[in-house]
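Observations on the three-dimensional arrangement
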Amino acid sequence: PERKSPETNDHNPQLTYKFLMDHIVSEIPYKWYEFGSALAITPPQMEEIKENHPSNGNRAFADVIQIWQTEEPRPFTWETLVMILESSIVNEPQLVPNQVKVETVL
């Protein structure tokens, strides 16, 4: 079944914090460190997140997303999300939303 959310449609796809928390973080909260590393978030930033949330993957992931949105170590886009999910570091290609898979193949 195709994954759809209010924030994404074929005419105006928009990557949002809510989409990431609802569809990515909820599935792989334990991979926040890999996700942040694949985004090129600096090691000191990653260590600070680890210290702030030693046993809470959801909160750590939320911090990673916030850094991605505000500092943009990589562009805050669907293309970056696909690249990260399909990377050998994160390796969760099944989490790429269907409508994005189609757009990136073409």
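Let me sum up the structure you'll find in this document. Residue numbers restart at each chain and count upward from 1, following the sequence in its written direction. Per-residue local features of the predicted model are confined to residues with pLDDT of at least 70, and side-chain atom pairs are confined, for both listing and counting, to 80 or more; whole-chain, interface and lining totals are unaffected and use all residues. Heavy atoms throughout the structure, all of them, feed into the side-chain values; hydrogens and water do not.

A separate point is the overall build of the protein chain. Each helix corresponds to a stretch of at least 4 residues labelled H or I by DSSP, and each strand to a stretch of at least 2 residues labelled E; elements are numbered beginning at the N terminus. When helices and strands are counted, the protein chain shows 6 helices and 0 strands. Partly exposed describes any residue whose relative accessible area lies between the buried limit of under 20% and the exposed limit of over 50%, with all areas from a 1.4 Å probe on protein chains only and scaled to the type maximum. A buried classification covers 42% of the 106 residues belonging to the protein chain. When checking whether two residues touch, look at their non-hydrogen atoms; a contact exists if any pair is within 4.5 Å. Excluding contacts between residues fewer than 6 apart, the proportion of contacts in the protein chain whose partners are at least 24 apart in sequence is 62%. Per-residue and other accessible areas follow the Shrake-Rupley method at a 1.4 Å probe size, with only the shown protein chains counted as cover for residues. Carbon and sulfur atoms form 51% of the exposed surface of the protein chain, whose accessible area is close to 6,000 Å².

Moving on, we get to the packing of helix 1 (residues 17-25) against helix 4 (residues 57-71). The angle between two axes is taken between their N-to-C directions and runs from 0 to 180 degrees, where each axis is a line fitted to C-alpha atoms and a helix contributes only its stretch in contact. Where helix 1 contacts helix 4, the two axes come as close as 11 Å, and the packing angle between them is 140 degrees. For the element pair helix 1 / helix 4, the angle class is oblique. For helix 1 against helix 4, the interelement crossing comes out right-handed. On helix 4, the residues touching Tyr-17, Leu-20, Met-21, Ile-24 and Val-25 of helix 1 are Asn-58, Phe-61, Ala-62, Ile-65, Trp-68 and Gln-69. Of the residues assigned to the contact of helix 1 with helix 4, the class counts are 9 nonpolar, 2 polar and no charged. The labels follow the angle: roughly parallel below 35 degrees, roughly antiparallel above 145, roughly perpendicular from 65 to 115, and oblique for the rest. Crossing handedness is read from the near helix: turned anticlockwise from the far helix by less than a right angle, it gives a left-handed crossing, and turned clockwise, a right-handed one. Only Asp, Glu, Lys and Arg are considered charged in this grouping, and only Ala, Val, Leu, Ile, Met, Phe, Trp, Tyr, Cys and Pro are considered nonpolar; every other residue, Gly among them, is considered polar.

What follows concerns the side chain of Gln-45. By the secondary structure assignment, Gln-45 is in helix 3 (residues 43-52). Polar contact is defined as a pair of N or O atoms within 3.5 Å, subject to the rule that within protein one atom must be able to donate a hydrogen and the other to accept it, and that residues adjacent in sequence are counted only when both atoms are side-chain atoms. Of the polar contacts made by the side chain of Gln-45, one reaches the side chain of Thr-42; its length is 2.9 Å. When near neighbours in sequence (up to four residues on either side) are disregarded, Gln-45 contacts Ile-67 and Glu-71.

Here we come to the packing of aromatic side chains. When the centres of two rings from Phe, Tyr and Trp lie within 6.5 Å, Trp using its six-membered ring, the rings pair. Their planes under 30 degrees apart give stacked, over 60 give edge-to-face, and anything left gives tilted. For the structure shown, the criterion picks out 5 aromatic pairs. Aromatic pair Phe-19 and Trp-78: ring centres 5.0 Å apart, planes at 75 degrees, arrangement edge-to-face. With a gap of 59 residues between them, Phe-19 in helix 1 and Trp-78 in helix 5 (residues 78-86) connect regions that are remote in the sequence. Given the relative accessible area of 1%, Phe-19 is considered buried. A ring pair is formed by Trp-68 and Phe-76, whose centres lie 4.7 Å apart and whose planes are at 70 degrees; its orientation type is edge-to-face. According to the relative accessible area criterion, Trp-68 is buried, its value standing at 0%. Its end group placed over the ring of Tyr-33, Lys-50 keeps NZ or CZ at 5.3 Å from the ring centre. As a reminder, the over-ring test applies to NZ of lysine and CZ of arginine, requiring each to be within 6 Å of the ring centre and within 35 degrees of the ring normal.

Turning to the packing of helix 1 against helix 5, a few remarks are in order. Relative orientation of the contacting elements helix 1 and helix 5 amounts to 20 degrees, with a least axis distance of 14 Å. What the angle tells us is that helix 1 and helix 5 run roughly parallel. For the element pair helix 1 and helix 5, the recorded crossing hand is right-handed. For the pair formed by helix 1 and helix 5, the contact residues are Phe-19, Leu-20 and Ile-24 on the first element and Trp-78, Leu-81 and Leu-85 on the second.

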